[in-house]
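If you want the building blocks of each chain, they are given just below.
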Amino acid sequence: MQEDGIVPPGSVIGILGGGQLGRMLAIAAARLGYRCRIFAPEADPPAARVADGHHCAAYEDEKALSDFAAQVDAITLEFENIPTETIEFLARHKPVRPGARLLAVSQDRLREKEAINALDIATAPFCPVDGLDGLHKALQSIGMPAILKTRRFGYDGKGQAAIRNEEDIAPAWEAMAGAPAILEGFVDFTCEISVIVARNSRGEIAIHGPVENRHRNHILDVTIAPAPIAPAMAEAACALGRRLAAGLELTGLMTAELFVTADGRLLVNEIAPRTHNSGHFTIEACHTSQFEQAIRALCGLPLGDPGQHARAVMKNLIGDDARHWREILSDGRAHLHLYGKEEARPGRKMGHVTWLYPDAGNDGDSKMPWPPAQLPEIPQAPAE
Ligand code: AMP
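Residues numbered from 1 in each chain as written. Predicted model: local features only at pLDDT ≥ 70, side-chain atom pairs only at ≥ 80, totals over all residues. Heavy atoms only, no water.

Visitor: Tell me about the sheet that holds strand 1 (residues 12-16), and name the residues and values.
Guide: Taken together, the 4 strands give an open sheet; going across it, the order is 3-2-1-4, and neighbouring strands pair in parallel fashion. Every other strand in the sheet has two partners, leaving strand 3 (53-55) and strand 4 (74-77) as the edge strands with one partner each. Each strand of the sheet is rotated relative to its neighbour by a mean of 25 degrees, with strand direction disregarded. Judged from the 3 bridges that link them, strand 2 (residues 35-39) and strand 3 form a sheet pairing that is parallel. Across the sheet, the residue bridging to arginine 37 is glycine 53, located in strand 3. Relative to the sheet, helix 1 (residues 20-31) contacts strand 1, strand 2 and strand 4, its axis offset from that of strand 1 by approximately 170 degrees. Sitting on the sheet, helix 2 (residues 62-71) touches strand 1, strand 2, strand 3 and strand 4, and the angle it makes with strand 2 is about 170 degrees. (Pairing = 2+ DSSP bridges. Helix = DSSP H or I, 4+ residues; strand = E, 2+ residues; numbered from the N terminus. Axes fitted to C-alpha atoms, helices over the stretch in contact; angles between N-to-C directions. Contact = heavy atoms within 4.5 Å.)

Written out as structure tokens, the structure reads:
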């Protein structure tokens, strides 16, 4: 690192986590002349295949962490369930961005909501729950319907149970398997959106989005960019992203998932201290992708222009969807990304496709309205 805090091209970036986000981060870093080393406990993870080295060790292995820190100039992460102690240990040797505080907030749904509300930003109403008695009490204040979620380690709808009536209460608590939980009021949302916020060490901020995210089986299915919402709502989402980034003292890049409620409010669902599946469209549709922006923010470079030069739809390839790469490629304008994962387990993110719509818009001059009436579909794989 230079005296001005800049980590110049030619330096080595360390990435904690080895999944597809790390893979696309490493590809973006390589374009800017950086080298990357991946720290991940799995053998042969997707990110390691496009990086300069892989430290295959547990996140608690201090010897391996010291060795990793010695070989890199700055560190970031692509996965939030990394022990905060790991980040604190590494931060004694090299800059880690985003840092341990934001990571700790994002790992615990209770701390996360408290930190967001402390910035005067709204979330769903919530109440911590540590037992069945506590759940009954929490339901008296939150009401039904509600959602019980584990405070930690939940993703893609895992560790969640809906409570619609009395009969749902005991099974919902059982589904938590004794883990500390949080009860959230059920939000009557019209759509789910996200913004991706980058902030560098000089406090400069750049925002991608908002985009609309549609889920299938609790997993992100499609992102529509930009979100087809009123301009005032989009501006409010960006303003909220700025306040979150400044209030949480972000250096690096983070994502905020938001609900747009039926009565026109924005509520934060969750934050992630990293690039996000809903930002994959930025690779082809924006002047600067979320991955390049994350590298710029980490390394103290000027932030790039996050503006979109074409409207876009991104669709995830889940499980067997990726077997249709031939059909997908037969459309010469489909941007196919495959993550190189060997086993296509159900629910596993294997790749994604982005389509650009340069002629779409709602300005009267456009040939096609936004969003497209028919979203692209991936053929479903026949059972073998
Ligand atoms: P999460 O793991 O918190 O991102 O939740 C996964 C999905 O469950 C979200 O994308 C929403 O579709 C839905 N969800 C989560 N929390 C709520 C809530 N409080 N009210 C309504 N839907 C929710």
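Further notes follow.
Visitor: Any details on the nonpolar core? Residues and values, ideally.
Guide: By size, the foremost hydrophobic cluster in this structure holds 48 residues, and its most contacted members are Ile13, Leu16, Tyr34, Phe39, Ile87, Leu90 and Cys299. Looking at which domains feed residues into this core, each of domain 1 (12-96) and domain 3 (189-357) gives three or more. Among the nonpolar cores identified, the runner-up in size contains 28 residues, and Cys191, Ile207, Leu258 and Val260 belong to it. (Core = buried A, V, L, I, M, F, W, Y, C linked by side-chain atoms within 4.5 Å. Buried < 20%, exposed > 50% of the residue type's maximum accessible area, 1.4 Å probe, protein only. Domains from an automatic or database assignment.)

Visitor: If you had to explain the environment of proline 226 to someone new, which residues and values would you point to?
Guide: Here proline 226 lies in the loop between strand 11 (219-225) and helix 8 (231-247). In this view, proline 226 contacts Pro210, Val211, Gln308, Arg311 and Trp370; residues no more than four positions away in its chain are not counted.

Visitor: Explain a negative patch on the surface to me, and be specific about the residues and the numbers.
Guide: Judged by side-chain charge, Glu60, Asp61, Glu62, Glu85 and Glu88 come together as a negatively charged surface patch. Locating glutamate 62 in the fold gives a position in helix 2. (Patch = residues over 30% accessible without salt bridge, like charges linked within 9 Å, V, L, I, M, F, W, Y side chains within 5 Å. Areas by Shrake-Rupley, 256 points an atom, 1.4 Å probe, with all protein chains shown as cover. Salt bridge = Lys/Arg side-chain N within 4 Å of Asp/Glu carboxyl O. Lys, Arg positive; Asp, Glu negative; His and termini not counted. Charge placed at Lys NZ, Arg CZ, Asp CG, Glu CD.)

Visitor: How would you sum up the pairing of strand 16 (residues 349-357)? Please name residues and give values.
Guide: Taken across its 9 residues, strand 16 has 8 buried, putting it largely inside the fold. Pairing of strand 14 (residues 311-318) with strand 16 involves 8 bridges; the strand directions are antiparallel. Along strand 16, the bridge assignment pairs alanine 312 with leucine 356. For strand 15 (residues 335-338) and strand 16, the ladder comprises 4 bridges, and the chain directions are antiparallel. Opposite leucine 338, over in strand 16, you have glycine 351 as the bridge partner.

Visitor: Outline the side chain of threonine 76, listing residues and values.
Guide: Here threonine 76 lies in strand 4. Leave out the neighbours within four places in its chain, and threonine 76 touches Gly14, Ile15, Leu16, Leu25, Arg97, Pro98 and Leu298.

Visitor: So what's going on with the side chain of glutamate 80? Which residues, and what values?
Guide: With respect to the secondary-structure elements, glutamate 80 resides in the loop between strand 4 and helix 3 (84-91). A polar side-chain atom of glutamate 80 sits 2.5 Å from a polar atom in the side chain of arginine 274. Every residue in contact with glutamate 80, bar those within four places of it in the chain, is listed here: Leu103, Ser106, Gln107, Ala272, Pro273 and Arg274. (Polar contact = N/O pair within 3.5 Å; in protein donor to acceptor, adjacent residues only side chain to side chain.)

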